[in-house]
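Analysis of the macromolecular model
Okay, here's what each chain looks like letter by letter:
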Amino acid sequence: MTVDPNAATRGFPEPARRGPHPARYLVPALVGGAVAVGLGVYGKAHDPAGTAFDLAGFSSTGAVKAWLASAAMFFALVQLVSALMLYGKLPGPVWSAALHRWSGRAAFLIAVPVAVHCLYALGYQTYETRVMWHSVLGCFFFGAFSAKMLLLRWERLPGWLLPIVGGLVFAVLTVIWLTSALWFFRTFGVTT
Amino acid sequence: MKRPGPLLTLLAGLVLGLSLLTIDATTSTTAPTSPYRDRSPSPAPLRSTVSPAPAPAATPSRPPDGDYAGRTDDDAAAVAVSVRGGRAIAYFCDGRTQESWLKGDVNADGALRLTGPHGTRLTGTLRDGARIEGAVGVGGERHAFTADRAEKPSGLWRATATVRSAKIDGGWIVLRDGSQVGVLTRDGEPSPAPRVDPRTGAVTVDGQHLTARPATP
């Protein structure tokens, strides 16, 4: 089943119906905020363990995370392209909706282990500009992503909302990648 | 109408995250949490002249090079460590009378064990190339410290020279906020060090211009 995200809003111009359901926007926003703040508080409050379990075949935890983050970033780029296809800005195949959904799931599920390691082993740190932005935006990303997932559950949304939130999630992930994986590759070399 | 897909995605991520966290929490309980638990009670050798056989040539993962600087937890002194190619030097300094240069090896797992004159010891762990946590034992006292990764101009500086027939040895720890902790010894007599220019290393000692250099192993 393919879903045209524009169809519902265009076919249903009901300005009066938006009023009675502020929860549609409020709940995702509140949950997203709670997720972001909760992750930050956990990262700040608990004592960083310094280490966590490692994947075989990589020289260091940093390398594992840099490559996983890069894979997530790749799927995020697929997200951008497939979203442009869905909104008709680019020519795309009929399965671009499925591509968008599954590349998004892949990016999210790949990012989760990286975030778990960050929060468990390193925690929320602010000792450097790069590290501070990475900590802040890392927490913000999962909040914004949760908000977007919850917004997606409703089909009748203003047409501009999902592109804005999706673009925000993509932009934040990009900065997170720049401040971590790219920094890692530039500092330690492109190692596995 | 509600779609279940996005919520399932979120729940899948939540379950994955929690299970990874559980694995982390259960596997790391066996790891040593204190870097100085296994400190030997016997007095340390004054200075090891022969390093105990350098690590095997094939070192798949050597600790990353870097400089680290920070204060002791009791805020009485500063500690800086410089790591290069699996070897490290460290400087412990209270900015007034107490200072010690230490050196030793860094293991592949990030464990440091440095020794200095008069039984001074530093044990610590390099964590993810971001900071060193550990403790310095000097003069019978133990100072726990955390040293974060330092970028120039912060870090460890040293200047040695002979000024008016006195042997000058100065060490400075420049912290991230720009503050400095340094001690200058004249023929082994310590005193607070004059301020060093962290951009050029220029420092004036007894009217003589010297240049301090970043200290490396």
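In this report, we go over the structure that sits alongside the text.

Reading the values: the criteria
- Residues numbered from 1 in each chain as written.
- Chains lettered and ligands numbered in written order.
- Predicted model: local features only at pLDDT ≥ 70, side-chain atom pairs only at ≥ 80, totals over all residues.
- Heavy atoms only, no water.
- Contact = heavy atoms within 4.5 Å.
- Buried area = accessible area lost by both parts, 1.4 Å probe.
- Salt bridge = Lys/Arg side-chain N within 4 Å of Asp/Glu carboxyl O.
- Polar contact = N/O pair within 3.5 Å; in protein donor to acceptor, adjacent residues only side chain to side chain.
- Helix = DSSP H or I, 4+ residues; strand = E, 2+ residues; numbered from the N terminus.
- Nonpolar A, V, L, I, M, F, W, Y, C, P; charged D, E, K, R; others polar.
- Core = buried A, V, L, I, M, F, W, Y, C linked by side-chain atoms within 4.5 Å.
- Buried < 20%, exposed > 50% of the residue type's maximum accessible area, 1.4 Å probe, protein only.
- Pairing = 2+ DSSP bridges.
- Axes fitted to C-alpha atoms, helices over the stretch in contact; angles between N-to-C directions.
- Expected span 1.5 Å × (residues − 1).
- Bend = angle between axes of the 7 residues up to and from the residue.
- Parallel < 35°, antiparallel > 145°, perpendicular 65-115°, else oblique.
- Left-handed = near helix turned anticlockwise from the far one by under 90°.

Another aspect to go through is the interface of chain B and chain A. On the chain A side, the residues contacting the 29 residues of chain B number 30 residues. Here chain B meets chain A over a buried area of about 2900 Å², counting both sides, of which 62% is carbon and sulfur. Seen at the junction of chain B and chain A, the total is zero salt bridges. Here chain B is connected to chain A by one residue pair in polar contact (both at pLDDT 80 or more). Of all the secondary structure elements, the ones that give two or more residues to the side of chain B that touches chain A are α1 (5-27) and β8 (141-150) of chain B. Residues belonging to the side of chain B that touches chain A are distributed by class as follows: 12 nonpolar, seven polar and 10 charged.

Turning our eyes to something else, we now look at the nonpolar core. By size, the foremost hydrophobic cluster in this structure holds 29 residues, and its most contacted members are Phe108, Phe141, Phe142, Phe145, Leu151 and Leu157 of chain A together with Leu10 of chain B. Counting 19 residues, the second-largest nonpolar core is a separate cluster that includes Ala90, Leu102, Leu126 and Val136 of chain B.

For the rest of this paragraph, the subject is the sheet that holds strand β12 (residues 189-192) of chain B. All names here are of chain B. The antiparallel open sheet is built from five strands, whose spatial order is β12-β11-β10-β9-β15. Two strands lie at the open edges of the sheet, namely β12 and β15 (213-214), each paired on one side alone. Pairing between strand β10 (residues 166-174) and strand β11 (residues 180-186): seven bridges, direction antiparallel. Within the sheet, the bridge partner assigned to Gly170 lies in β11 and is Leu184.

Glancing now at the sheet that holds strand β2 (residues 78-84) of chain B. Residue and element names in this part refer to chain B. Here we have eight strands rolled up into a closed barrel, ordered β1-β2-β3-β4-β5-β6-β7-β8, and antiparallel in their pairing. Mean inter-strand twist for the sheet, computed between neighbouring axes without regard to direction, equals 25°. Both strand β1 (residues 66-71) and β8 contribute to a ladder of three bridges, which runs antiparallel. Across the sheet, Tyr68 pairs through a bridge with Arg149, a residue of β8.

Residues and elements named next belong to chain A. Between its terminal C-alpha atoms helix α5 (residues 96-122) stretches 37 Å, which fits the 39 Å expected from 27 residues at 1.5 Å a residue. Taking the largest bend as the criterion, α5 deviates by roughly 25°, centred on Val112, and proline Pro113 comes between one and four positions later. Burial analysis of α5 places 19 of its 27 residues in the buried class, the great majority of the element. Gly123 sits one or two positions beyond α5 and adopts a positive phi of about 80°.

All names here are of chain B. Enumeration according to the criterion identifies 10 salt bridges over all chains in this entry. The residue Asp197 makes a salt bridge to Arg199 at a minimum N-O spacing of 3.4 Å. Bridged by salt links that share partners, the residues Arg127, Arg131 and Glu133 form one connected network.

Moving on: the packing of helix α6 (residues 129-152) of chain A against helix α7 (residues 161-188) of chain A. Angle between the axes and distance between the axes: these two values describe a pair of packed helices. Residue and element names in this part refer to chain A. Two numbers describe how α6 lies on α7: the axes approach to 9 Å, and their chain directions differ by 150°. One element, α6, and the other, α7, form an angle in the roughly antiparallel class. In this structure, α6 crosses over α7, and the sense of that crossing is left-handed.

A few words now on the packing of α5 of chain A against α1 of chain B. The geometry of α5 of chain A relative to α1 of chain B is characterised by a closest axis approach of 9 Å and an angle of 30° between their N-to-C directions. Considered as vectors, α5 of chain A and α1 of chain B are oriented roughly parallel to each other. When the axes of α5 of chain A and α1 of chain B are compared, the crossing they make is right-handed. Together, Arg105, Phe108, Leu109, Val112, Pro113, Val116 and Tyr120 of chain A of α5 of chain A and Gly5, Pro6, Thr9, Leu10, Ala12, Gly13, Leu16, Gly17, Leu20, Leu21, Asp24 and Ala25 of chain B of α1 of chain B make up the contact between the two elements. The residue makeup of the contact of α5 of chain A with α1 of chain B, split by class, is 13 nonpolar, four polar and two charged.

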